[in-house]
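Topology and contacts: notes
Residues per chain, in single letters:
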Amino acid sequence: MAETKAQTQAARIFLRAAEYIRNYGWQKEGMGEHGQPRCSVGALASSHKYQRWDKSLASSMYGSLCEELNGMSLTQYNTKFNNGEMVACLYERVAEKLRHQISSRKISADA
């Protein structure tokens, strides 16, 4: 159950980060300030404003992002595409996969 909660929250954060990038802009480097263009990690930080993130949430987000990047780091992805819309789309794909995992788990539990 805790895993489902972390995945649900992670999906929401990824979607908010994609929205943040589209609303305020994206920059390849530098955290910037909330309400201004931010880097990929800065957009995530603006989407979940806590000094310390829950370990299961952070683990779920990191694992899901790494899986989607297929061995590439987020820095490498940023350098390769250098495009905020691509980062926003990446975050949306990760959120969709997390939601699919949650749905699959619910279907299995109901069966």
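Reference entry: report on the structure contained in this document. (Residues numbered from 1 in each chain as written. Predicted model: local features only at pLDDT ≥ 70, side-chain atom pairs only at ≥ 80, totals over all residues. Heavy atoms only, no water.)

1. A look at the state of the cysteines
Short version of the rule: By convention in this document, the label disulfide applies to cysteine sulfur atom pairs within 2.5 Å.
Counted by the stated rule, this structure contains 0 disulfides. Here C39 is not disulfide-linked; the sulfur of C66 is the nearest cysteine sulfur, at 16 Å. As a non-bridged cysteine, C89 has C39 as the owner of its nearest cysteine sulfur, 18 Å distant.

2. Some remarks on the nonpolar core
Keep this limit in mind: Definition of nonpolar core: a set of buried residues of the types Ala, Val, Leu, Ile, Met, Phe, Trp, Tyr and Cys, connected through side-chain atoms within 4.5 Å. For the exposure calls, accessible area comes from a 1.4 Å probe over protein chains only, and a residue counts as buried if that area is under 20% of its type's maximum, exposed if over 50%, partly exposed in between. Every helix listed is a DSSP run of H or I at least four residues long, and every strand listed is a run of E at least two residues long, numbered separately from the N terminus. The contact definition used throughout considers only heavy atoms, calling two residues in contact when any of these lie within 4.5 Å.
Ranked by size, the top nonpolar core spans 24 residues in total, and within it F14, I21, L44, M61, L65, L90 and Y91 carry the most contacts. Elements with a contribution of two residues or more to this core: α1 (2–24), α2 (40–47), α3 (55–69), α4 (74–81) and α5 (84–110). For this core, the element with the highest residue contribution is α1, accounting for 8 residues. Excluding residues that lie within four positions of it along the chain, M61 makes contacts with A10, I13, F14, L44 and W53.

3. As for α4
Threshold: What the arc covers is the set of directions going from the helix axis to the C-beta atoms.
Buried residues of α4: L74, Y77 and N78, and no others. The buried residues of α4 occupy one face: seen down the axis, they fall within an arc of 100°. Exposed residues on α4 whose side chains face more than 90 degrees from its buried face are T75 and K80.

4. Some points on the side chain of S60
Mapping S60 onto the fold places it in helix α3. On the basis of relative accessibility, which here comes to 13%, the residue S60 falls in the buried class. For S60, the residues in contact, after removing those within four places along its chain, are A6, Q7, A10 and L98.

5. Quick word on the packing of α1 against α3
Test applied: The axes used here are C-alpha line fits, helices contributing only the stretch in contact, and every angle between their N-to-C directions lies in the interval 0 to 180 degrees. Each crossing gets its hand from how the near helix is turned against the far one by less than a right angle, where anticlockwise is left-handed and clockwise is right-handed. Classes in brief: Ala, Val, Leu, Ile, Met, Phe, Trp, Tyr, Cys and Pro nonpolar; Asp, Glu, Lys and Arg charged; the others, Gly included, polar.
Interaxial distance between α1 and α3 falls to 9 Å at its minimum, and their mutual angle equals 60°. Handedness of the α1/α3 crossing: right-handed. Touching A6, Q7, Q9, A10, I13 and F14 of α1 are S56, L57, S60, M61 and L65, all from α3. Class assignment for the residues of the contact of α1 with α3 results in 7 nonpolar, 4 polar and no charged.

6. What to know about the packing of aromatic side chains
Stated precisely, the cut-off is as follows: A pair of Phe, Tyr and Trp rings is counted when the ring centres sit within 6.5 Å of each other, with Trp represented by its six-membered ring. The angle between the planes then sorts it: under 30 degrees is stacked, over 60 is edge-to-face, the rest tilted.
Considering all chains together, one arrives at 3 aromatic pairs under this definition. Judged by centre distance (5.4 Å) and plane angle (50°), the ring pair of F14 and Y91 falls under tilted. Of this pair, F14 sits in helix α1 while Y91 sits in helix α5, and the two are 77 residues apart along the sequence. Both residues of the pair, F14 and Y91, belong to the buried class. Considering the side-chain rings of Y20 and Y24, the 4.6 Å spacing of their centres and the 40° angle between planes classify their relative orientation as tilted. With Y20 and Y24 both in helix α1, this residue pair falls 4 residues apart, about one helical turn. On the basis of relative accessibility, which here comes to 5%, the residue Y20 falls in the buried class. Among the residues examined, Y24 registers a relative accessible area of 37% and is labelled partly exposed.

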